[in-house]
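The residues making up each chain are set out below.
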Amino acid sequence: MHLGALFIASHVLTSGSVRETARRFQLSPSTVSTAIHNLETELAMTLTERASGELATLIASGRVLEGLEPIMAAIGELGQWAGHDGAGIDEAWASRIPVKIVTMERFLEVADQGSINRAARRLRLGQPQLSLQLANLEKFLSHRLFERQAQGSVLTEEGRRAYQIFMAISQAWNDLKSSADERYRRTARSLRIGSIIPTGSESWVARCLGSLVSEWNVRRNNNAISLVSMTADDLREALKSGRIDVAILDSVFGLESFRHRELLQTDMVVIAPPDSTETSVADLVASHAICMPSPRTGLGHAAMAFSYERAPNRRLRGQDITAADSLPVIVDLVANHGYVSFLGRVSAMPIADKVRIVDLDEHLPMSYHVAFNHRKAAADACTVIIEAAARITSETVTRTIRPTDAGARETAA
């Protein structure tokens, strides 16, 4: 990482704008974008994101800015020493400093060892390569940093000043990097579990995940658990990209290359307002607005297909169908605002005190699955999830679902 790139990235995080930074430093936007990208890569964390074409800084950027403050102060001191102070630091010069942090650390090693040869051996570099890097550093700073003597290399007065500046930069950078390294180790160890969005804390999905975390921690497993909820489409993409290790979802379409096991079977039902009186699905959808999960979920896709096939009227095909990927919002719309929706029976039963559950005219089976990658920890977590699902659903809706047998069907690519 160059000092100039750190100076650029710091200004981007402060101003929140790539283009403003590029104009201010007379650089191309691509150069500025590369600087912030390199910093994110070095620190193994996302600091910015694009939203509607604009750059947005994330919460983590504030902590990084604090960590960069000693480096920015040292760059200012370096500019004064190199004659680029003026009324303030010469930003155009600072943004183009070509000195790499690794070069500074090699300078510090030579100073500590008092010998280019000894430092080269410790760094496992060729002596000519290290000598050339030091010569280029002296050329850039326009100061002689070492006196070459028979007994080794001794810092000049200017070299001692450079040592103080570079040491401050190295220590601050190592502090930032050590935090990043620890984040990386935690991420590498963590087991990332993704699930469809629960209807609430009482839902079987939420209870399964709660049981998983509790049992996992009691066993003092080396892999910490990280949880996230998404739609079925997003879960598939996250599993394929490696962002999650395990996915609880209502469709395994497109996951042929992953192992998956069936969690439970249920059937689709309609949930209606508690004070509604209609007894048929046709009457319910004719009298109430509809909100259902979007087709990006397995449930939403099945509900939409059911609606189109069995009731191809304007209401089920028009704009008064609201799609929502938040099941708690759907439940609230049904319970408190007169909407109707579709759910799996196993998800509807825990909220039976809030909504009416109405059977469809014919049985429409549904199944939930857990898909996982080839990490042993992922397979272990799936076993716990399957056991929890069987236990929880048998406790609450024994007569309405059919949990899979104890072995559960497993499919491998």
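For the structure itself, consult the block above.
Let me sum up the structure you'll find in this document. (Residues numbered from 1 in each chain as written. Predicted model: local features only at pLDDT ≥ 70, side-chain atom pairs only at ≥ 80, totals over all residues. Heavy atoms only, no water.)

### Re the overall build of the chain
Thinking step 1. Per the secondary structure count, the chain includes 17 helices and 15 strands.
Thinking step 2. For the chain, buried positions account for 48% of its 413 residues.
Thinking step 3. A separation threshold of at least 6 residues defines the contact pool for the chain, and within that pool the share at least 24 residues apart is 71%. (Helix = DSSP H or I, 4+ residues; strand = E, 2+ residues; numbered from the N terminus. Buried < 20%, exposed > 50% of the residue type's maximum accessible area, 1.4 Å probe, protein only. Contact = heavy atoms within 4.5 Å.)

### As for the pattern of salt bridges
Thinking step 1. The tally for this structure, following the rule as stated, stands at ten salt bridges.
Thinking step 2. Lys 177 serves as the salt-bridge partner of Glu 42, at 3.2 Å between the closest nitrogen and oxygen. With Glu 42 in helix H3 (residues 29-43) and Lys 177 in helix H9 (residues 157-189), this residue pair connects regions lying 135 residues apart in the sequence.
Thinking step 3. The closest approach of N and O atoms between Asp 380 and Lys 376, which form a salt bridge, is 2.8 Å. (Salt bridge = Lys/Arg side-chain N within 4 Å of Asp/Glu carboxyl O.)

### Digging into helix H4 (residues 60-81)
Thinking step 1. Compared with an ideal rise of 1.5 Å per residue, which puts 22 residues at 32 Å, H4 spans 32 Å between its outermost C-alpha atoms and is within 8% of the ideal.
Thinking step 2. Gly 83, located one to two residues past H4, shows a positive phi value of around 80 degrees. (Expected span 1.5 Å × (residues − 1).)

### A look at the environment of Gln 133
Thinking step 1. With respect to the element layout, Gln 133 can be found in helix H8 (residues 127-141).
Thinking step 2. For the pair formed by Gln 133 and Val 99, sequence separation is 34 residues and the distance between their alpha carbons is 9.8 Å.
Thinking step 3. Once you skip the residues sitting within four places of it in the chain, Gln 133 turns out to touch Thr 103 and Arg 106.

### A closer look at unusual backbone geometry
Thinking step 1. Phi at Gln 26 takes a positive value of approximately 55 degrees, unusual for a residue other than glycine.
Thinking step 2. Tracing the sequence through the fold places Gln 26 in the loop between helix H2 (18-25) and H3.
Thinking step 3. The class of Gln 26 is exposed, set by a relative accessible area of 66%.
Thinking step 4. Phi is positive for Ser 142, which is not a glycine, with a value near 60 degrees.
Thinking step 5. Mapped onto the secondary structure, Ser 142 falls in the loop between H8 and strand S3 (146-149).
Thinking step 6. Given the relative accessible area of 61%, Ser 142 is considered exposed.

### Some remarks on the side chain of Thr 231
Thinking step 1. With respect to the helices and strands, Thr 231 occurs in the loop between strand S6 (225-229) and helix H11 (232-241).
Thinking step 2. Residue classification places Thr 231 among the buried positions, given a relative accessible area of 4%.
Thinking step 3. Looking at Thr 231, its side chain comes within polar contact range of the side chain of Asp 234, at 3.2 Å. (Polar contact = N/O pair within 3.5 Å; in protein donor to acceptor, adjacent residues only side chain to side chain.)

### Brief notes about the environment of Lys 376
Thinking step 1. Looking at the element boundaries, Lys 376 is found in helix H17 (residues 376-396).
Thinking step 2. The class of Lys 376 is exposed, set by a relative accessible area of 63%.

### Thoughts on the packing of helix H1 (residues 3-15) against H3
Thinking step 1. At a closest axis distance of 8 Å, the pairing of H1 and H3 adopts a crossing angle of 95 degrees. One finds that H1 runs roughly perpendicular with respect to H3. Across from Ala 5, Leu 6, Ile 8, Ala 9, Val 12 and Leu 13 in H1, the residues of H3 making contact are Val 32, Ala 35, Ile 36 and Leu 39.
Thinking step 2. Partitioning the contact of H1 with H3 into residue classes produces ten nonpolar, no polar and no charged. (Axes fitted to C-alpha atoms, helices over the stretch in contact; angles between N-to-C directions. Parallel < 35°, antiparallel > 145°, perpendicular 65-115°, else oblique. Nonpolar A, V, L, I, M, F, W, Y, C, P; charged D, E, K, R; others polar.)

### Section: the nonpolar core
Thinking step 1. Trp 204, Val 246, Leu 263, Val 270 and Tyr 368 are the most contacted members of the largest nonpolar core, which totals 68 residues.
Thinking step 2. Here this core takes eleven residues from H17, the largest share from any one element.
Thinking step 3. Discounting residues that sit within four places of it in the chain, Trp 204 has contacts with Ile 248, Leu 263, Leu 264, Val 346, Ser 347, Tyr 368, Ile 392 and Thr 393.
Thinking step 4. Counting 59 residues, the second largest nonpolar core, distinct from the first, contains Ile 8, Leu 47, Leu 55 and Leu 134. (Core = buried A, V, L, I, M, F, W, Y, C linked by side-chain atoms within 4.5 Å.)

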